[in-house]
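Here is what each chain is made of, one letter per residue.
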Amino acid sequence: MVRDKLPYEMKSEETKRKIWHATEDMLSKYDFKHLTVRNICEEAGVAYGSFYHHFTSKENLLYLYTKNLYQKVKGENPLPEWINATDYIKCILWHIVVYGSFCEVMGKNLIRYLYQNCPQDLFEDTFREEIIPTIHEANLKGMIDPGREKIYNRPAEELLVKDLEIVEKGAIAWWSTYSSEDSETLHETLEHLIFNMLYSYCSEQYRNSDYLHKLLTERETFQGSIKMDGINLRQNI
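Residues numbered from 1 in each chain as written. Predicted model: local features only at pLDDT ≥ 70, side-chain atom pairs only at ≥ 80, totals over all residues. Heavy atoms only, no water.

## A few points about the pattern of salt bridges
- This model, assessed by the stated rule, comprises nine salt bridges.
- With a shortest N-O distance of 3.1 Å, Asp25 and Lys29 are connected by a salt bridge.
- Here Lys67 and Asp125 are joined by a salt bridge, their closest N and O atoms 3.4 Å apart. Linking Lys67 in helix 3 (residues 58-76) with Asp125 in helix 6 (residues 122-140), this pair joins segments that are 58 residues apart in sequence.
- One salt-bridge network, held together by shared partners, links Lys67, Asp125 and Arg128. (Salt bridge = Lys/Arg side-chain N within 4 Å of Asp/Glu carboxyl O. Helix = DSSP H or I, 4+ residues; strand = E, 2+ residues; numbered from the N terminus.)

Set out below in structure tokens:
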């Protein structure tokens, strides 16, 4: 039997909702650097000290807020019908490009700030929850070439996980710090880099049965399928 919430519990939940909504509203009006715990609380109409009952810091709030937005984006971007759910190599590329598109919508400044200042890492969460299990399934289905194991004396699956992590993190760090208006978009950079890496790891069996490049020949379809609706942030790129 579910008990009724006590008044102090209801008040606590209401305080958290106010802080959350104030953050959402302020991010749609101002650059995130203007956000402080104090002005968030003022916007929310709650006591300054109550903030720390729900969040450990501004960085913790921004991380949780960003993660919540990404969960919504992920829900709105299931695999398109032209990608078979059991084609795990293409699934990996899809998840990574969706994540890159999400970072673009968040903006370079916010992504760089989170990566440099937030002890909780949205990339690590996403990589662990989405990419690593998919790589494991691809390996079980014989899509990954085991040949590297003899050279490096480590499982090919483990090598691919580490290489993908390094490449994706590096691409995001470069994009958020050094890219210019003339540079490729982040999702295009990730698409090219990750495609080449996945292709280099693909087994001959997979290459012969379903050539990976088929996915990239439909570039308009591939990029146009990604939805980023409902994210209302002030872009300060």
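Here the narrative resumes.
## Considering helix 5 (residues 108-117)
- Among the residues of helix 5, those classed as buried are Lys108, Asn109, Leu110, Ile111, Tyr113 and Leu114.
- Buried residues belonging to helix 5 abut helix 3, helix 4 (88-106) and helix 8 (156-178). (Buried < 20%, exposed > 50% of the residue type's maximum accessible area, 1.4 Å probe, protein only. Contact = heavy atoms within 4.5 Å.)

## Quick notes on the nonpolar core
- By size, the foremost hydrophobic cluster in this structure holds 67 residues, and its most contacted members are Ile19, Phe102, Ile135, Leu160, Leu164 and Leu198.
- If you list the elements that add at least two residues to this core, you get helix 1 (7-27), helix 2 (37-44), helix 3, helix 4, helix 5, helix 6, helix 8 and helix 9 (186-201).
- Per element, the largest residue contribution to this core is 13 residues, and it comes from helix 4.
- Leaving out residues up to four positions away in the same chain, Leu160 has contacts with Ile135, Ile144, Met197, Leu198 and Tyr201. (Core = buried A, V, L, I, M, F, W, Y, C linked by side-chain atoms within 4.5 Å.)

## With respect to the packing of aromatic side chains
- Under the counting rule described, the total for this entry stands at 12 aromatic pairs.
- Their ring planes at 55° and their centres at 5.7 Å tell us that Trp20 and Tyr65 sit as a pair that is tilted. One end of the pair, Trp20, is in helix 1; the other, Tyr65, is in helix 3, with 45 residues separating them in the sequence. (Phe/Tyr/Trp six-rings, centres within 6.5 Å; stacked < 30°, edge-to-face > 60°.)

## Thoughts on helix 8
- Compared with an ideal rise of 1.5 Å per residue, which puts 23 residues at 33 Å, helix 8 spans 32 Å between its outermost C-alpha atoms and is within 8% of the ideal.
- Those residues of helix 8 not exposed but buried are Ala156, Glu157, Leu159, Leu160, Val161, Leu164, Glu165, Glu168, Ala171, Ile172, Trp175 and Ser176.
- In this fold, the buried residues of helix 8 make contact with helix 4, helix 5, helix 6, helix 7 (148-152) and helix 9. (Expected span 1.5 Å × (residues − 1).)

## Focus on the side chain of Ser176
- With respect to the helices, strands and loops of the structure, Ser176 is situated in helix 8.
- Judged by its relative accessible area of 5%, Ser176 falls in the buried class.
- When near neighbours in sequence (up to four residues on either side) are disregarded, Ser176 contacts Lys108, Ile111 and Arg112.

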